[in-house]
There are 2 protein chains.
Amino acid sequence: MRLTHQREEILSFLRSKRAHYNAVEIYDAVRERIPNISLGTVYRNLGKLVEDGEIITVETDNRSIYYDGYIVPHTHFVCKCCSQIFDFEEEGQSFKSIRDKGFTIDKHRTVLYGTCTVCNEKN
Amino acid sequence: MRLTHQREEILSFLRSKRAHYNAVEIYDAVRERIPNISLGTVYRNLGKLVEDGEIITVETDNRSIYYDGYIVPHTHFVCKCCSQIFDFEEEGQSFKSIRDKGFTIDKHRTVLYGTCTVCNEKN
DNA sequence: TATAGTAATAGGAATTATTACTGATAAGGA
DNA sequence: TCCTTATCAGTAATAATTCCTATTACTATA
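Keep in mind that this is a model prediction, so the values were computed, not measured.

Parameters and conventions
- Residues numbered from 1 in each chain as written.
- Chains lettered and ligands numbered in written order.
- Predicted model: local features only at pLDDT ≥ 70, side-chain atom pairs only at ≥ 80, totals over all residues.
- Heavy atoms only, no water.
- Contact = heavy atoms within 4.5 Å.
- Buried area = accessible area lost by both parts, 1.4 Å probe.
- Salt bridge = Lys/Arg side-chain N within 4 Å of Asp/Glu carboxyl O.
- Polar contact = N/O pair within 3.5 Å; in protein donor to acceptor, adjacent residues only side chain to side chain.
- Helix = DSSP H or I, 4+ residues; strand = E, 2+ residues; numbered from the N terminus.
- Nonpolar A, V, L, I, M, F, W, Y, C, P; charged D, E, K, R; others polar.
- Pairing = 2+ DSSP bridges.
- Near = heavy atom within 4 Å.

> Looking at this structure, how should I read the interface of chain A and chain B?
On the chain B side, the residues contacting the 40 residues of chain A number 40 residues. Summed over both partners, the interface of chain A with chain B buries about 4000 Å², with 55% contributed by carbon and sulfur atoms. There are 0 salt bridges connecting chain A and chain B. The tally of links from chain A across to chain B stands at 28 residue pairs in polar contact (both at pLDDT 80 or more). Looking at the side of chain A that touches chain B, the element that brings in the most residues is strand S6 (residues 104–115) of chain A, giving 12 residues. Considering only residue class, the side of chain A that touches chain B consists of 18 nonpolar, 14 polar and 8 charged. Sheet analysis places S6(A) next to strand S6 (residues 104–115) of chain B, joined by 11 bridges and oriented antiparallel. Across the sheet, Tyr113(A) pairs through a bridge with Lys107(B), a residue of S6(B).

Given below as structure tokens:
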């Protein structure tokens, strides 16, 4: 993977912020430094950076995918009022410490990604 | 909430299958029984059924939302080869029993939905 | 039965997020 | 420096979902 100027800016932006952004927000931010970067380039690079494990995605019930430069495994909390995404280290099932901080949890989703038994046997 | 013919068919379809379908798949299935149902009606009713807690959604890194009539809390596994979604009761963090069944896990995502501390204090 | 008020519908247009395509550009090795 | 090839900008296309409008169905009341 070539380290292009565009890819470098996208990655350093995500790493510099401890927050979560969708493709358009990243596009707007990076455009301040590379004014003529195109949205397609942002999408392509985000895809490659995810593939490479440099960044991770957050899938919410919102229509767009959010990207996160903080790749240590953690739990995300999406607020239905302000739409902010919060990080939590807690990995248990009770989420007691999150509730204790004043967060109200309506639902939680755990999704694993990988290869199923049948597909593993085929390959 | 009015229990219309359309809503009934959508709900009973999802409850009859222990699998996960996106809006278009549900549309195709229900159309066999209500040929002139519209895709908009399917989307609207799915939204209301989710609101009501009759069904749940599965958010994957795929672009479309999947719907599940099985509402007991559980973990989902998405296969990157066949795109199938599997259910697991296991709620721990090791997912040992899932791996033991022959599944390979690349990544896992836990997302909580609710209201954050600041928004809770505002209301 | 009428009638009115409300809620839901079909069908299609519009919107939004993302991906694909094309000719031009630049990264990195020889 | 030159050459190969991945990557780029710009734009068109696609896919998923939501919105809009005229019409229809249901409910309660008279």
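> What am I meant to see in the sheet that holds strand S3 (residues 66–68) of chain B here?
Across a sheet, paired strands are connected by hydrogen bonds in the backbone, their directions being either parallel or antiparallel. Residue and element names in this part refer to chain B. Reading across from one edge, S1-S3-S2 is the order of the 3 strands in this open sheet, with antiparallel pairing throughout. The open sheet terminates on both sides in strands that have one partner only, identified here as strand S1 (21–22) and strand S2 (56–58). Where S2 and S3 come together, 3 bridges link them in antiparallel fashion. The residue bridging threonine 57 from the neighbouring strand is tyrosine 67, located in S3.

> Quick question: what am I supposed to make of the protein's contact with DNA strand D here?
The immediate surroundings of DNA strand D are formed by 18 residues, with Thr4(A), Thr41(A), Arg44(A), Lys48(A) and Tyr43(B) found nearest. At the protein interface, 75% of the atoms of DNA strand D within 4 Å belong to sugar or phosphate. Measuring from a phosphate oxygen of DNA strand D, one finds a backbone N or O atom of Ile65(B) at 2.8 Å. For the surface near DNA strand D, the elements supplying multiple residues, two or more each, are helix H1 (5–16) and helix H3 (39–51) of chain A together with helix H3 (39–51) of chain B. By residue number, the principal contributor to the surface near DNA strand D is H3(A), which donates 4 residues. Grouping the constituent residues of the surface near DNA strand D by class yields 4 nonpolar, 7 polar and 7 charged.

> Is there a simple way to think about the pairing of S6(A) in this case?
The side chains of a regular strand alternate, residue by residue, between the two faces of the sheet. Pairing geometry for S6(A) and strand S4 (residues 75–79) of chain B, over 4 bridges, is parallel. The partner of Val111(A) across the bridge, within S4(B), is His76(B).

From the geometry alone we can't say anything about function, so treat these as descriptive.
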